[in-house]
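Structural description and commentary
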Amino acid sequence: MVTYEEIFAKIEAYIKKADPTKERKVPHTFLFHITQNGTVVRTYYLDLKNLKFAVGEHPADCTITLDHAMMVKLGTGAVKAAEAIAQGHVKVDGKKELAAALDKVLELLHQ
């Protein structure tokens, strides 16, 4: 079974190999709070404008809080972000409209 750590490792690898001269499809920053039993167990920062990835808290345009199992479902394409948000499985703070770009970000993992 895939873990959320493996999904974020794929995201990190994608960011590292991305061409810094190309225009960004989603030029924003995201902070992911991954929870287990309601407690944040890991935080990931994605800067898709400047191609940076980090573990830990950073200011971001959009903060996404979700359970580790839901992150696996999103990361494997089993569930779409809009569906998970609408059903209350994903909490979005900050620029909520950026959450719509979440599917675009996660689709990069399937290329």
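Residues numbered from 1 in each chain as written. Predicted model: local features only at pLDDT ≥ 70, side-chain atom pairs only at ≥ 80, totals over all residues. Heavy atoms only, no water.

A few words now on the packing of aromatic side chains. Considering all chains together, one arrives at four aromatic pairs under this definition. A ring pair is formed by Phe 8 and Phe 32, whose centres lie 5.3 Å apart and whose planes are at 70 degrees; its orientation type is edge-to-face. You can see Phe 8 sitting in helix H1 (residues 4–17) and its partner Phe 32 sitting in strand S1 (residues 29–36), a full 24 residues away along the chain. Residue classification places Phe 8 among the buried residues on the basis of a relative accessible area of 1%. (Phe/Tyr/Trp six-rings, centres within 6.5 Å; stacked < 30°, edge-to-face > 60°. Helix = DSSP H or I, 4+ residues; strand = E, 2+ residues; numbered from the N terminus. Buried < 20%, exposed > 50% of the residue type's maximum accessible area, 1.4 Å probe, protein only.)

Here the focus is the packing of H1 against helix H2 (residues 68–75). Where H1 meets H2, the axes come as close as 8 Å, and the angle between the chain directions of the two elements is 45 degrees. With respect to H2, the axis of H1 lies oblique. The handedness of the crossing between H1 and H2 comes out as left-handed. From H1, Tyr 4, Ile 7 and Phe 8 reach across to H2, where they touch His 68, Met 71, Val 72 and Gly 75. When its residues are assigned to classes, the contact of H1 with H2 shows five nonpolar, two polar and no charged. (Axes fitted to C-alpha atoms, helices over the stretch in contact; angles between N-to-C directions. Parallel < 35°, antiparallel > 145°, perpendicular 65-115°, else oblique. Left-handed = near helix turned anticlockwise from the far one by under 90°. Contact = heavy atoms within 4.5 Å. Nonpolar A, V, L, I, M, F, W, Y, C, P; charged D, E, K, R; others polar.)

What follows deals with the confidence of the model for the protein chain. Mean pLDDT over the protein chain stands at 91; residues scoring 70 or higher make up 97%. Per-residue pLDDT, averaged within each element of the protein chain, yields its smallest value for helix H4 (residues 102–107) (79) and its largest for strand S2 (residues 39–47) (97). (pLDDT = per-residue confidence, 0-100.)

Looking now at the environment of Ala 13. In this structure, Ala 13 sits in helix H1. By relative accessible area, Ala 13 is classed as partly exposed at 42%. The spatial distance from the C-alpha of Ala 13 to the C-alpha of Phe 53 is 9.3 Å, given a sequence separation of 40 residues.

Counting 31 residues, the largest nonpolar core has Phe 8, Phe 30, Phe 32, Leu 46, Leu 66, Met 71 and Leu 74 as its most contacted members. Mapped by element, the contributors of at least two residues to this core are H1, S1, S2, strand S4 (62–67), H2, helix H3 (81–86), strand S5 (90–94) and H4. At five residues, H1 tops the list of elements feeding residues into this core. Beyond its immediate stretch of four places on either side in the chain, Leu 74 contacts Leu 66, Val 79, Lys 80, Ala 81, Ala 84, Val 90, Leu 102 and Leu 106. (Core = buried A, V, L, I, M, F, W, Y, C linked by side-chain atoms within 4.5 Å.)

To continue, consider unusual backbone geometry. Its identity as a non-glycine residue notwithstanding, Asn 37 has a phi of 55 degrees, on the positive side. Position of Asn 37 among the secondary structure elements: in the loop between S1 and S2. Even without glycine at this site, Leu 51 takes up a positive phi of about 55 degrees. On the secondary structure map, Leu 51 appears in the loop between S2 and strand S3 (52–55).

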